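Tertiary structure, described
For reference, the chains in residue letters:
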Amino acid sequence: MVLETFHAVNFAEWIGPAAKVWLIAVVALLVGFALLRWLFAVLRQGPAAGTLSALNFLWAAAADLLLISPRRTLALAGLTIKESMRRRVVIVFAVFLILVAFAGWFLDPGSNQPARLYLSFVLTTTSYLVLLLAVFLSALSLPADIRNHTIHTVVTKPVRPSEIVLGRVLGFAAVGTVLLGLMAAISYVFVLRGLDHKHDFSAAAREQLAVMWRDARRNDSTQGIAVSTDRVQNHRHTVFFDPAQETVDEQGVRRGAIRTDTENGHEHEIQYVVPAEGEVQFVCSPPENHLLARVPIYGKLRFKDRAGKDADKGVNVGDEWTYRSYIQGGSLAAAIWTFENLRDDQFPDGLPVEMTLGVFRTHKGDIEKGVPGSLSVRNPATGDEAHVRTFASREFQTDLQVIPLEFQTGDGRTINLFRDMVADGKLEVWLRCVAPQQYFGAGQADLYLRARDASFALNFVKGFAGIWLQMVMITGFGVLFSTFLSGPIAILATGGALLGGLFSDFLYQLSQHKVFGGGPIEAMIRLVTQQNVVTELPPTAQTTVAKMLDKAAEQWMWLIWHMLPDFRVLSFSDHVAYGFDISWGLLAMAVCQTLAYVGPAFVLGYVFLKSRELAQ
Amino acid sequence: MSAEVVIETRSLTKVYRDFWGRRKVEALKALDLDVRRGEIFGLLGPNGSGKTTTIKLILGLLFPTNGEALVFGRPAGDVEKNARIGYLPEESYLYRFLNAEETLDFYARLFRLPRAVRRQRVYDLIEQVGLQRAKRRQLREYSKGMTRRIGLAQALINDPELLLLDEPTTGLDPIGIREMKDLILHLRDQGKTILMCSHRLDDVQDVCDRIAILHQGELKELGRVDSLLKVRDMTEIRATGLSEEAKEEIRQVIARHGAQLLSCDNPTATLEELFVKIIRESEEHPGRRVRGVA
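For every chain, the first residue of its written sequence is number 1, and the numbers climb from 1 along that sequence. A letter from A marks each chain and a number from 1 marks each ligand, given out in the order of writing. Given that the model is predicted, a residue must reach a pLDDT of at least 70 before its local features are reported, and side-chain atom pairs must reach 80 or more before they are shown or counted; all residues, however, enter totals for whole chains, interfaces and linings. Side-chain calculation: all heavy atoms of the structure are included, whereas hydrogens and water are not.

**Structural notes on the sheet that holds strand S11 (residues 334-339) of chain A**
All names here are of chain A. This is how it is decided: DSSP-based pairing: two strands are paired if at least 2 bridges between them are found. Numbering of helices and strands runs from the N terminus; a helix is a DSSP stretch of H or I covering at least four residues, while a strand is a stretch of E covering at least two.
Read across the sheet, six strands follow the order S9-S8-S11-S19-S14-S15 without closing on themselves; strand pairing throughout is antiparallel. Pairing within the sheet leaves two strands with one partner each, and these edge strands are strand S9 (310-311) and strand S15 (385-392). As paired strands, strand S8 (residues 300-304) and S11 are joined by five bridges and run antiparallel to one another. Across the sheet, the residue bridging to Lys300 is Thr338, located in S11.

Written as structure tokens, this is what we have:
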């Protein structure tokens, strides 16, 4: 699997600089706002009275923000929860149930990666439903209160505006939490049940096996045979029965437990009992190893070109997505990952190297067979390199190669991995493409050491925690906008923030003039005049004006891009679906980013509410 | 400021503006008012005269364009003052998805009352406003009169020192009106200060100690109700046990002084008459305070 964001996250290194930038931004925001407030007050009331009024406002704001009463805030949160129930949030839950109930019709468990499909479905569905709900609930509540004047009976109690804003955020967050919790539980059961299946053997396969066991009773040296299971969920497994691995008791009953091969991302364990007389009993386990939370150790990637010289990147094969860089087969080109801080006690059973490679074929070759590649290890200190093995790539499929702790090279040397190849915890893994005229594509996160597996259930919960954080973030924005905008406009603004956050990368590209077809005005002209996005527009005055306007719009988009949160940072759906552990560092980073936005949104919301005449 | 004064407004002015900041209407013009502790003060005026604007300015729901409003000596925008205030808005703006008990419990929690006190007060107030039978029904099912009652109960939830009542008898039946008036008087007897505004002149006349009459945002009259309603060019003499001779003697004395005896009882004008007179005079002479009535 590939995700560009799958880099190693070191929270301890990230938090310092990030907090500094955040502090600067928040202080600039606060100072800017205080100056504006002062300026308005001076313009309205004159210098002395205006300054006094601005200082009074700041003083009251400090008190309102520091002296928040938990009891009042909880009372307001409780009211918000009741209001949400009245607004029938249950309907969203019902929609989710309906979607899940009918999902079984269109989700194909026989597809290539059914676990990924199922997990992506539940995570995406939940996240869209909950985020949409958060947009509507949070943006409509306060404007409705103001429109209905119910806010009058609240603010005439000793309630601080800060408590109203915080109560709202907490209330909606609580509703979202309960809803998400229920959805997560149902999703988990749905995924497990949707993927659950067992295999059996056909009469022909059983007959083959019966012959094998009959021979085995007569002759201890009988060789094993591979048979296929029946086809369930559009796949079958190959199972290798080896009489030599079976136990035989005094009555001649043979017992064995074997694992199937991996198909559609899972395997099974089959236990069987072969009585001296009668039917063989097979017990097939539910699918295993399909719901994973791999904990990868990432290395740093560099390249060698076809002449064996250092290169920043490999070859560009014309792929628009520049994440992967390609190395030419049958040459000295290599992709090299350098791993650090490796200890032998981390890897008692060898070094598990897992990779997902892109393959670019310049000729078709034998399409049934993978393109051969070679894997070597190299000692970064001595430069000593040892070839580990040659393998056939499985394009875009995750492939696990375990490098043994001790192995023999082609020239007969015996290599002890940690003693001979690891220097100061550092090890280089070299990947080469063996087939001439074919290419391997590799990116930073394409090859990693699979240190261990974490709990999938916990990872699933962490995935939902990501959705929860997004929901809290949107709630913060919704409540902020609802303090100074009317309901429909607040919905638009919150929805805009959500969309901007989800497509922040596109926004950035647009602001940097990196998108084909130009900015919004130019794109509109192309749309209306039906011109493609690549041809230059004719050099008319109209085009010049459009480009100037776009230039201005790009500045705005750049500013908005800087201000909006990047929702992809909070989305862990791909981690869960592709079976990668969401590290605690990544989660902590997401929590910090959420707080970094929700905190200022709360303060701004308070300021707007405090500055507003609620009875007008 | 005197300790007796609970509400004080000084040149309190409110100009409503449109989105672009242009003046729409001057709702209140330099209002100076004092409401003293323990009195029932009535704000009177036709629609759009600035009564509700005054109450909202005092509560901090609106910000003054000029001047200031002080409540218990603190600015109207101060949150702390609300702990001693009860407010019954014109339309009982309450959460219709809550029932009576939940409503009162919610507002009580905003005053951070302990659970036991809260429960007792909710129980007492529901009984006081006569909603025991409907206490579990959502407010959306309430009649207007019932909504006023629960509105009043929420205004009293904190046992306030100062009550601001906006049209307290609106929507009540005659018995409800009588009960409301009795309750207002009872609250005054308990030492509470009440500022109310009403269209119902008889209500104001029955319960208010002092009134202010507003028209087009200006204060037109201010004073004690009994003194304002007194007809000064007439004399009312009340006596018992006068003999016919004595009465005749009084008549002669009146005649000797060139006066004309109308009857033995001096009439009292109704508040309605006073109100209508003030409004008409104000319309004939805008911008001038009506004099000579009091």
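**A short note on the sheet that holds strand S7 (residues 162-166) of chain B**
All names here are of chain B. For clarity, the threshold we go by: Working convention: axes come from line fits to C-alpha atoms, limited for helices to the stretch in contact. Angles between N-to-C directions cover 0 to 180 degrees. In what follows, residue pairs with any heavy atoms lying within 4.5 Å of each other are defined as contacts.
Spatial strand order, S6-S7-S8-S3-S9-S10: six strands in an open sheet with mixed pairing. Of all strands in the sheet, those bounded by a partner on one side alone are strand S6 (85-88) and strand S10 (218-224). For this sheet, the mean angle separating the axes of adjacent strands, direction not counted, is 15°. Sheet topology note: the S6/S7 ladder contains four bridges and is parallel. Each residue of the ladder has a partner; that of Leu88, found in S7, is Leu165. With respect to the sheet, helix H5 (residues 174-189) is in contact with strand S3 (40-44), S6, S7 and strand S8 (193-198), its orientation differing from that of S8 by roughly 150°.

**Notes on the pattern of salt bridges**
Put simply, the test is: The working definition used for a salt bridge is a side-chain nitrogen of Lys or Arg within 4 Å of a carboxyl oxygen of Asp or Glu.
Counted by the stated rule, this structure contains 55 salt bridges over all chains. Among the salt bridges present, the one from Asp345 of chain A reaches Arg343 of chain A, with a minimum N-O distance of 3.1 Å. For Asp203 of chain B, the salt bridge identified is with Arg200 of chain B, shortest N-O distance 3.2 Å. Within this structure, Arg178, Lys181, Asp182, Arg200, Asp202, Asp203 and Asp206 of chain B form a network of salt bridges that share partners.

**A closer look at the domain arrangement of chain A**
Often, the extent of an interface is quoted as the loss of accessible area upon association of its parts. Residues and elements named next belong to chain A. Filter applied, for reference: An automatic or database domain assignment is the source of the domain bounds shown. Buried area: the accessible surface (1.4 Å probe) lost by two parts on joining, summed over both.
When the domains of chain A are assigned, the result is domain 1 (14-67), domain 2 (68-196 + 455-610), domain 3 (203-284) and domain 4 (296-453). Computed from C-alpha atoms alone, the centre-to-centre distance between domain 2 and domain 4 is 39 Å. In this assembly, four residues from domain 2 lie in contact with five residues from domain 4. Buried area between domain 2 and domain 4, summed over both chains or domains, comes out near 330 Å², and the portion from carbon and sulfur atoms is 46%. Inspection of the domain 2/domain 4 interface yields zero salt bridges.

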